[in-house]
Amino acid sequence: MQITKPAQFKFFNLILTSVLIFLCVDMFSQDQSILGKIKDARSNIGIEDAIITQVNGTAQCKTNYLGEFTFHWNGIFPIKVEIKSLGYESKNIELNNFDFIEIALDEKLEQLQEVLIVSGYNTIQKKVDFSGAVANISSRQLLVRPSISFDQLLGGMAPGLDVIQPSNILNNTPVVRIRGISSITSGIFPLIVVDGVPLFTGAIGGIIGNNPLADINPNDIQTIDILKDASSSAIFGSRAANGVMVITTKKGKKGRAKVNYNNWVSISTPYNLPELLGAEDYVMIKNEAMKNSGREPGYKLMYDKDGVLINTSWYDVAYRPGISHAHHLSFSGASNSTNYYFSFGYDNQNSFIKYNNFQRYTTRLNIENQVNKYFKAGAHIAYSNGFNKGPITGAIPSNTLSSSAYNSQYILNEPLGRMTYVLPPNVPVYNSNGSYSIQNGQSVGYGLNNPSTIGTINAYNLAWVQKNDVNTSENNNLTGNIFGEISFTSNLKLRSSFAINNLLNENTSFMNPIHGGGASSNGIATNSIAKYYRKDLVNLLSYSFNLNKVHHVTFSLGHEQIRTTINSWGAERSNITDPYYTGYQGGFVNIAPTGNTLTENTLLSFFSNINYDINKKYFLSLNVRRDGLSALAEGNKFGNFGGGSIGWNMYNESFYKNSSFPEYINNLRLRASYGLVGNSEIGDYPSIGAYTSSTYGGNPTLKYAQVANPDLRWETSKKLDLGLNFSLANERIFVDFDYFKNNIDGLILKAPQSLSSGIPGNFINANVGSMYNKGIELGINSSLLKNKNLKWDLGVNFATLTNKVTSLISDVYVPSVFGVQNMTREGFSIGSIFAVPTMGVNPDNGLMVFINNEGKAVQYNHIGSPRWTYLDGSAAPAIDNYKDGVIQGPSLPKYFGGLNNNFSYKNFELNFNITFAGGHKLYNGTRATNSDQRYFNNGTFILDRWTTPGQKTDIAKLQYGDNVSSGFSFSATSKVEKGDYAKLKNIVFAYNIPLNNSKIGSQISSMRVYAQAVNIFTLTAYRGSDPEISINGNSINSGKDQNVPPNAKVFSVGLNVGF
Amino acid sequence: MIIKLYRMKNLLLLLSILFFTLSCNKDFLNTVPKTSIEESQAFNTPNQIIAHLNNLYGQLQNPIFYGGRYIIFNEQRGDEFGQNDGNAATGSAVWNQNVASTNEYINNVWSAAYTAINSANILMSNLNTTTVISDSLAKIYIGESKFVRALAYLSLLQTYAKPYNVDKSALGVPLRLTPITSSGFNDLARSSVEEVYIQIIKDLDEAEKDLPVSNTSSYLNTTHAIKSSAIALKTRVYLNQSNYNKVIEEANKIVSNTSPFVYNNNGITLKLESSFAQIFSGSYTGSESIFSIAFANTTTETPPSQFSLAFNYNVQPIIFLATAGIISDPTFSDSKDSRSLLIGLDKANHKILKKFTINTAPFRDYVPVIRYAEVLLNYAEALARTNQLNQSIELLKAVRIRSNVNYQFASDDIVDSDKLTNTILKERRIELLGEGFRLQDLQRLQKTLPAKSGSIGTAPEVPVTAKNYIWPIPSGELSSNKLCLPN
């Protein structure tokens, strides 16, 4: 380049030069040439950068962006050529003439050698060169199912990744665990990084669902890499305790600009509602209970004015089929210097729960520009708006970002799930004059039931509250990452990126003054706004070199600083001045602040990474990271983390190649890694002592709010991973195997202090505890059949998990008037299911018999005096949930996994996805609710109750008001059940409309229609509605199913069109 | 090429500057909370000290404690009320005399009392060394702290330990007298009932000595402890111990010798309100209130509905007046007795208590903890039991006649010590109905907790020897305090 030329001209020159370099150019000077096109066998789109090589010769060329090529050689026929392209089956063909030739390539099962791993900080490596434990999920696997958020799609997709849909409330955050739970009271959600932006995760919708991950449109995702071991995740240092998911969104590819349009329409209905009593059985059962208790029957059937029996199905009041639809449009393309991808999405979801609606708009722009030889810049920017609206369902644990939640909503206020189970079927929804049947502010109309003998019905008229009480949660989420990269030389690069995640969340709730949870306050409206804001700056210097083409080294040095602030405020207004108002801005008498938060946390880090391999045979990777966290006290702020791994690609060894092994086992690789990561999700000020302000009688108070622990230090996990990869049957079957053990030490625990210490919250943040997770993981992906018309791929993944708390200062559990179902205790799995053993029903008298901690049988007679007796009738001490409770088994599955089947014949596809889990226990609290002998409606199973001496049954004699025998007021083993299940989660039937010979084929490059069904069939012995239901969300207290609306069964049809 | 290199150098330089300016910000990792005050800066001004003092009463105001629920639990354990609501969240298990150590109410009442105790201990320890306020002021605040601590310990004993009269050497509760602001204090054995009583009396004696006769406003006189509050509480404590001479000695300090009984001292007047209804409405800080829990008109202070007295007695109602309870006494069907006017009917025709009348949140009816009528009845009982019948009868009459001017006690009801005592005990049930006294009266008299019925069924009687005569020690204490024995 001449130094006198103007800059633009130089730039033009540069482009010209690169075009020349990149285009298919002659390798040698030859005599003859053949023209042709390489295309995708399915879509007929030309394949760019396919390489055509002469077999036993030197001639070679590449296709251009239309898939066209010009192959030059010496002109002698026949010529054998091999055609290769990333992601396609290679093909060998013989050419015999100069005719224009079109060659179709089949897509292939992603090969071990070619899978790329994005392991954070833009480090992209081939999976074969990667000795850490990582699972990779591609866009193709994700797009099989319509969904609002990608995390919902991940169940059963990768070994060691456990994703559970705990309820079907729109936009509820799924449970996501990578290799189990790694903390007790710190954050347990994996770190999720999208294009370099660490996202906010958790549940932030107040009383209804709001999953910040749903702000990422799954259609925009290219790959998800799940970093499981220390070697792969140590680069994230203190944030990697729970594993890391690195998500890369799509970018434009060279070739014709692509336009894609996807849509789907679905209908969802409740899956497997528990069967409840109708009015006649209900009245019979309740009156029997009253008679058994020596009371006058107080329940009575009621008929409407036409003489028709009132037999209300509260399910029908609450639920109806919900219709949803979604649309996603994307444009992408690339020139030699710029690639772009932009998209727009719109979703409108209606749950089967009346009035539960979620609407979302998503937009994304990804752009990268090679400014010149030295400088590249780009941006990934996404903005989305999501608005969720609906009734209180009881399924959502309290507001929480990342940390463990305990749900008390399932039983407080006006949870819809509970009301459908407990409301009497013999009372009407409406009075004969059309008005709502209401007894008072707190109770549904009693119908002909006698209020003075049956007691309070503390359940509302569901139809009224569902219609009049509205909760909303809106997100406006901007995530962006802008980067610049300087290449000083081809192997020395400096990349700086700046990311923000600015999430504005507004939650509102209105409870009407007439009837429902708002009645005692004469109407309550609560509005709050939260700004979640994170800035993340990363500078990364990387250098790579080859020594004698044998030693490959990449070295990087990085710096990162992250500042996270959460700023929220709000108020609750109550005592409405006029029932006309339906929202916060109306007229109210009282106002009080609520939801005020202003916190900040910063992380300052330096890190380095070395990857070294010798001849692609021996691999060594080392990561070190030093993190400083503002949350810890001076002197303890910094922690050192790191990991290392070694890998051995045995198949590259000559002794291996020369043996007979490769005939059976190909690509054998061994891996081992070990490292140390931390957990920075420990709250923003866990180590300081603090006082908060409030008032007493309107005068200022200062209240002890937190006990200081200046010695608080990092919670660290030591992660060991041993892995093995190989393929069988001529690369038809790929096997990944891992053994892992994570030791978590110095757990930062809200260490329970004796209540008599009288300190705030009865805990002190302290490093007091340890536990481990260990298990094996097996992933098998196979291409069982493959020919021109028929293709069958089958993937199976399987993982085991053993969690054990090895030391703990004292038991961790939540005391409750509704019993203790989960217990974290030294020597057992975290959050184990806990219950008092029951011996079943005493056939002689129909009383439920429990076993106390002395091993003695104690029976409960609700009207007895005394109530608790030994079997000989003498008085016994009351059963105590804590003293007499026994750990029943882990709430975390001991094994879990999935089976993914893809079958295609010509243009037809049949895919299905099965997930399974087992070895764990569940607490079937809904069955306890449905057995309760107050006014509660009961499950039809109650008809098997004990009625006559000698009768053997597991349902005790009915006694009015009895909520003990059934395991409702404390946990009993009669409601502990095995959680094992296998679920046909999803089945899709699709048809790719052939377009190549039609007119529209020139306009439209691909068109696919599909029909699918989700959650159709579950194989389980669990007696509840669905073994996946869990009320505590992302929590150590898993496996409790109580009063939550059921999961959904969804049928949908969709269309994908590419232009 | 030269220019290129030059440019590259520039870029490098620029980036290095960027790199270092960003990374070398020394304060980057020093964040401070903005919605709470760091410990080291929380005792620095006179106003902060007062805020800590107010907080002690704020701790008593905890909705699970004297803010509402503790009173309800006491009534649910007694026999005056029938349970109308079977939900465990409404305390149906408490009413059923069937609570487990894992019950959150068992845990939370204990925890609220000890939180108040630790707050008092922390404040006292700071006041001993503070230079922010004068010594004389510090002394008064220490007196107030001791009053709060004594009330909290008394509540703990009356809930979790055997009554003094049943077995004073039985296990009481752990006696925590020093501030706890760090870990390592989990294990502490329970002191005996007697030891805890000794501490309560010591605290109240010292409080009486240090506290002023009166404060600057009727609000402060009734919602903060003053000399007469400590004395009045002592009459209750000694009555629990059946130490009648001491009851008389203390009551004598704040009750005049002749009717109308009144205490007048340096700007403060204690006497019965002329109208019964006046006690529970209006200013709440009248002459009868010796110590009450105050509420500002905001939901940040007031209890949630299920915790409030008005909601439990009146709005829902969660408990109603059991027909076999004191409501069957003719007093409540005599419209001339103004106490009968505070009885109403709910939709199911249950009789309900309407002392607390604000029936919409914020439920801000002040909660009376000690009122002058109680002191008069404590005094009357002690006199009756020590055969000083005339003075005792005068006191009893004062309470009765305030509500029913022309009432005459049947002479047989007041003829001797036993009969008079029984009449006084009945008057207590009438006068203090719903204010949380029934349980402690049954227990100090070593009586069986009677069986009772409500619309959710019947609750069995609980003999003095039964385990559930008192509440279990909470699981949260047992699981972390290795020296604490269960009940």
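Residues numbered from 1 in each chain as written. Chains lettered and ligands numbered in written order. Predicted model: local features only at pLDDT ≥ 70, side-chain atom pairs only at ≥ 80, totals over all residues. Heavy atoms only, no water.

Novice: Could you give an account of the overall build of chain B, with specific residues and numbers?
Specialist: Broken down by element type, chain B carries 17 helices and 13 strands. Principal-axis analysis of the C-alpha atoms gives chain B an extent of 120 × 55 × 45 Å. When each of the 487 residues of chain B is scored for burial, the buried share is 63%. Counting only contacts in chain B whose residues sit at least 6 apart along the sequence, the fraction spanning at least 24 positions is 70%. Computed over 44 positive and 42 negative side-chain charges, the inter-centroid distance for chain B is 6 Å. (Helix = DSSP H or I, 4+ residues; strand = E, 2+ residues; numbered from the N terminus. Buried < 20%, exposed > 50% of the residue type's maximum accessible area, 1.4 Å probe, protein only. Contact = heavy atoms within 4.5 Å. Lys, Arg positive; Asp, Glu negative; His and termini not counted. Charge placed at Lys NZ, Arg CZ, Asp CG, Glu CD.)

Novice: Explain the overall build of chain A to me, and be specific about the residues and the numbers.
Specialist: From N to C terminus, chain A includes 12 helices and 54 strands. Scaling as 2.2 N^0.38, a compact globule of 1059 residues should have a C-alpha radius of gyration of about 31 Å, and chain A matches this with 32 Å. With the C-alpha coordinates of chain A rotated into their principal frame, the extents come out at 110 × 70 × 65 Å. Long-range pairs, those at least 24 residues apart, make up 69% of the contacts in chain A with a sequence separation of at least 6. (Rg over C-alpha atoms; globule rule 2.2 N^0.38 Å.)

Novice: Account for the packing of aromatic side chains, with residues named and values stated.
Specialist: Think of a pair of aromatic rings as described by two things: how far the centres are apart, and how the planes are tilted against each other in angle. Tallied over the full model, the rule gives 54 aromatic pairs over all chains. Residues phenylalanine 798 of chain A and tyrosine 895 of chain A carry aromatic rings whose centres are separated by 6.2 Å and whose planes lie at 25 degrees to one another, so their mutual orientation is stacked. With phenylalanine 798 of chain A in strand β38 (residues 790-800) and tyrosine 895 of chain A in strand β47 (residues 895-905), this pair connects stretches of sequence that are 97 residues apart. Since its relative accessible area comes to 29%, tyrosine 895 of chain A is described here as partly exposed. Consider the rings of phenylalanine 81 of chain B and tyrosine 313 of chain B, whose centres lie 5.1 Å apart with planes at 25 degrees: the pair is stacked. Taken together, the residues phenylalanine 81 of chain B in strand β2 (residues 81-83) and tyrosine 313 of chain B in helix α12 (residues 309-315) connect sequence positions 232 residues apart. (Phe/Tyr/Trp six-rings, centres within 6.5 Å; stacked < 30°, edge-to-face > 60°.)

Novice: Which residues make up helix α5 (residues 104-129) of chain B, and what values do they have?
Specialist: In an α-helix there are 3.6 residues to a turn, and that puts residues three or four apart on one side. Residues and elements named next belong to chain B. With 26 residues, α5 should cover 38 Å at 1.5 Å per step; its first-to-last C-alpha distance of 37 Å lies within 8% of that length. Counting buried positions along α5 gives 20 out of 26 residues, so the element sits mostly inside the fold. Of the residues flanking the start of α5, the one acting as N-cap is asparagine 103, its side-chain oxygen 2.7 Å from the backbone nitrogen of tyrosine 105. (Expected span 1.5 Å × (residues − 1). Polar contact = N/O pair within 3.5 Å; in protein donor to acceptor, adjacent residues only side chain to side chain.)

Novice: Outline unusual backbone geometry, supporting the account with residue identities and numerical values.
Specialist: Of note, the amide linkage connecting glutamine 316 of chain B to proline 317 of chain B takes the cis form, showing an omega dihedral of -25 degrees. Going from alanine 361 of chain B to proline 362 of chain B, the amide bond is cis rather than trans, its omega being 0 degrees. Within the secondary structure layout, proline 362 of chain B lies in the loop between β10 (351-353) and β11 (367-371). Notably, asparagine 522 of chain A is not glycine yet its phi reads approximately 55 degrees, a positive angle. The residue asparagine 522 of chain A is located in the loop between β23 (492-511) and β24 (524-547) in this model.

Novice: Before we move on, could you go through the pairing of strand β19 (residues 338-350) of chain A and cite the residues and values that matter?
Specialist: Residue and element names in this part refer to chain A. Sheet topology note: the strand β18 (residues 322-334)/β19 ladder contains 10 bridges and is antiparallel. Of the residues in β19, the one forming a bridge with alanine 334 is asparagine 339. Where β18 hands over to β19, the hairpin turn is made up of 3 residues, counted between the paired strands. As paired elements, β19 and strand β20 (residues 357-370) share 13 bridges and run antiparallel to each other. In the sheet register, tyrosine 346 faces β20, and the bridge partner there is tyrosine 361. (Pairing = 2+ DSSP bridges.)

Novice: Please set out the sheet that holds strand β50 (residues 976-978) of chain A residue by residue, giving values where relevant.
Specialist: Residues and elements named next belong to chain A. With mixed pairing, 3 strands are arranged side by side in an open sheet as β50-β49-β53. Looking at strand neighbours, the two that pair on one side only are β50 and β53 (1040-1041), the edges of this open sheet. Across 3 bridges, the pairing between strand β49 (residues 921-924) and β50 is antiparallel. When the sheet's bridge partners are listed, leucine 922 is paired in β50 with glutamate 977.

Novice: Pulling in residues and values, what's your account of the interface of chain A and chain B?
Specialist: The interface of chain A with chain B comprises 103 residues on the first partner and 106 residues on the second. Summed over both sides, the interface of chain A with chain B buries roughly 8,400 Å², with 56% coming from carbon and sulfur. When the buried area of chain A at its contact with chain B is split by residue, Tyr691, Tyr696 and Leu702 of chain A rank highest and sum to 10% of it. Across the salt bridge formed by lysine 34 of chain B and glutamate 600 of chain A, the nearest N and O atoms sit 3.6 Å from each other. Our count for the chain A to chain B interface comes out at 42 residue pairs in polar contact (both at pLDDT 80 or more). Tallying contributions element by element places strand β25 (residues 551-576) of chain A first for the side of chain A that touches chain B, with 7 residues. When the residues that make up the side of chain A that touches chain B are grouped by side-chain class, the tally is 46 nonpolar, 44 polar and 13 charged. The pairing of strand β31 (residues 690-696) of chain A with strand β1 (residues 37-38) of chain B spans 2 bridges and is classified as antiparallel. Its bridge partner lying in β1 of chain B, alanine 690 of chain A is registered against glutamate 38 of chain B. (Buried area = accessible area lost by both parts, 1.4 Å probe. Salt bridge = Lys/Arg side-chain N within 4 Å of Asp/Glu carboxyl O. Nonpolar A, V, L, I, M, F, W, Y, C, P; charged D, E, K, R; others polar.)

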